[in-house]
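Here is how the chains run, residue by residue.
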Amino acid sequence: MSLDPALRSRIETLLQSNRVVLFMKGAPNAPQCGFSAKASGALNALLPQGYAHVDVLADAEIREGIKTYGEWPTIPQLYIDGQLVGGSDIIEQMAGSGELHGALGLPAPDRSPPRLSITPAAAQMLREAVANAGDNYAVQLEVDARHNVRLQLAPVDAGAVATEVEGVRVQTDWINARRADGVSIDWADDDRGRGLVITNPNAPPAVRALSPADASERLRAGSLRLVDVRPPDERAIARLALAFDTFDHGTDALETLPKDTPIAFLCHHGGRSAQAAEHFRQLGYREIYNVEGGIDAWADLDSAIAKY
């Protein structure tokens with residue numbers, strides 16, 4: 001199938017303007033399919049500063065045209081220096097072998113095992129689980145980009161990054177190995193519940209509560225960024241006379257802020273802002289606040305703000 005010259009020009013201009021381009025479904029921080037999630041996950045780990053991407057779901061012409069251009073029938077597709085690298089499986093294989101690092105001009109991956117601690121009680125439970133699974137099984141450890149840790153049983157993988165702690169073989173890959181450094185695994189049977197308790201010291205600190213008075217003081221001092229997550233119609237009823245950001249045009253601009261930016265979130269009573277704050281915490285932001293009581297509580301300090 002021939003490609004429309006205008007569309008070919010669009011694609012080539014994009015590839016010439018960016019060394020690394022991923023054609024995917026969704027965005028690197030919000031992939032819309034499992035294959036795109038795997039591809040962007042590998043690239044996110046290697047290129048935390050970002051890379052060019054095209055959401056083919058938002059551009060039907062590009063979605064079909066890139067398949068013809070690269071003679072590759074599926075999405076995602078990765079291009080480096082204008083050359084097609086491949087799809088999700090190839091990207092993962094190259095990332096695991098170190099080939100992708102070389103193609104991007106990066107050092108070889110650090111394949112040293114993660115530093116883990118497992119309490120005797122947790123180790124006993126895991127050893128029993130592995131024994132019950134059958135021969136040649138191990139504990140598979142995964143840590144996603146938001147620092148959530150997941151353990152499951154999987155066949156022993158001779159090519160994995162593996163370590164043995166308290167008689168338990170734990171295996172992972174090079175991306176998860178570095179994210180898992182320092183993870184501790186305990187077994188609880190108390191007021192916390194019954195099951196494994198996993199602590200990841202690499203996770204960002206919890207969202208902190210911030211009073212309207214303290215938020216106001218920090219905003220005036222320029223040591224805080226405030227995001228009002230309410231829609232325009234609500235803000236029109238009760239509006240702050242201080243500088244703030246909104247989600248009116250999405251979250252992309254805010255999600256590119258440095259991870260040490262202090263950010264507070266505000267809504268009507270504190271519920272929606274708590275969800276937004278947790279989202280940004282999981283993105284890796286280390287100083288995140290939720291304004292207690294929302295604009296309703298702020299109105300108690302400022303009589304110019306209406307209550308609704």
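Caption draft 1: Geometry of the overall build of the protein chain. Counting its regular elements, the protein chain contains 11 helices and 18 strands. When its C-alpha atoms are laid out on the principal axes, the protein chain stretches across 65 × 65 × 30 Å. Looking at the 308 residues of the protein chain, the share that counts as buried comes to 41%. Surface accessibility of the protein chain: about 15700 Å² in total, with carbon and sulfur atoms responsible for 49%. Here the protein chain holds 29 positive side-chain charges and 41 negative ones, and the gap between their average locations is 1 Å.

Caption draft 2: Structural view of the pattern of salt bridges. This structure, assessed with the given rule, holds 17 salt bridges. Among the charged side chains, a salt-bridge network with shared partners connects Asp 110, Arg 115, Arg 178 and Asp 181.

Caption draft 3: Fine view of helix 2 (residues 34-46). A rise of 1.5 Å per residue sets the reference length of helix 2, with its 13 residues, at 18 Å; its end C-alpha atoms lie 19 Å apart and thus fit the reference within 8%. Restricting attention to buried positions, one finds in helix 2 the residues Ser 36, Ala 39, Ser 40, Ala 42, Leu 43 and Leu 46. One face of helix 2 carries all of its buried residues, which in axial projection span an arc of 155°. Of the surrounding elements, those touching the buried residues of helix 2 are strand 1 (20-24), strand 3 (30-31), strand 5 (77-80), helix 4 (88-97), helix 5 (99-103) and helix 7 (174-179).

Caption draft 4: The arrangement of the nonpolar core in detail. Counting residues in hydrophobic clusters, the biggest one holds 19 residues, and the most contacted among them are Leu 22, Leu 43, Leu 47, Leu 78, Ile 91, Leu 100 and Leu 104. Every element with two or more residues in this core is listed here: strand 1, helix 2, strand 5, helix 4 and helix 7. Here the element with the most residues in this core is helix 2; it accounts for four residues. Setting aside chain neighbours within four positions, we find Leu 104 in contact with Arg 19, Val 20, Leu 43, Leu 46, Leu 47 and Ile 80. If you look at the next biggest cluster of nonpolar residues, it comprises 17 residues, including Leu 226, Ala 238, Tyr 289 and Ile 295.

Caption draft 5: Quick look at unusual backbone geometry. Look at the link from Ile 75 to Pro 76: it is a cis peptide, with omega at 15°. Structurally, Pro 76 is set in the loop between helix 3 (60-70) and strand 5. Of note, the phi angle at Glu 71 is positive, near 55°, even though the residue is not glycine. Note on placement: Glu 71 falls in the loop between helix 3 and strand 5.

Caption draft 6: Local environment of the sheet that holds strand 6 (residues 83-86). Reading across from one edge, 4-1-5-6 is the order of the four strands in this open sheet, with mixed pairing throughout. Every interior strand has two partners, whereas the edge strands, strand 4 (52-55) and strand 6, have only one. Strand after strand, the sheet turns through a mean of 25° between neighbouring axes, direction not considered. Summarising the sheet, strand 5 and strand 6 pair through three bridges and their orientation is antiparallel. Residue pairing in the sheet places Ile 80 in a bridge with Gln 83 of strand 6.

Thresholds applied
Residues numbered from 1 in each chain as written. Predicted model: local features only at pLDDT ≥ 70, side-chain atom pairs only at ≥ 80, totals over all residues. Heavy atoms only, no water. Helix = DSSP H or I, 4+ residues; strand = E, 2+ residues; numbered from the N terminus. Buried < 20%, exposed > 50% of the residue type's maximum accessible area, 1.4 Å probe, protein only. Areas by Shrake-Rupley, 256 points an atom, 1.4 Å probe, with all protein chains shown as cover. Lys, Arg positive; Asp, Glu negative; His and termini not counted. Charge placed at Lys NZ, Arg CZ, Asp CG, Glu CD. Salt bridge = Lys/Arg side-chain N within 4 Å of Asp/Glu carboxyl O. Expected span 1.5 Å × (residues − 1). Arc of directions from axis to C-beta. Contact = heavy atoms within 4.5 Å. Core = buried A, V, L, I, M, F, W, Y, C linked by side-chain atoms within 4.5 Å. Pairing = 2+ DSSP bridges. Axes fitted to C-alpha atoms, helices over the stretch in contact; angles between N-to-C directions.

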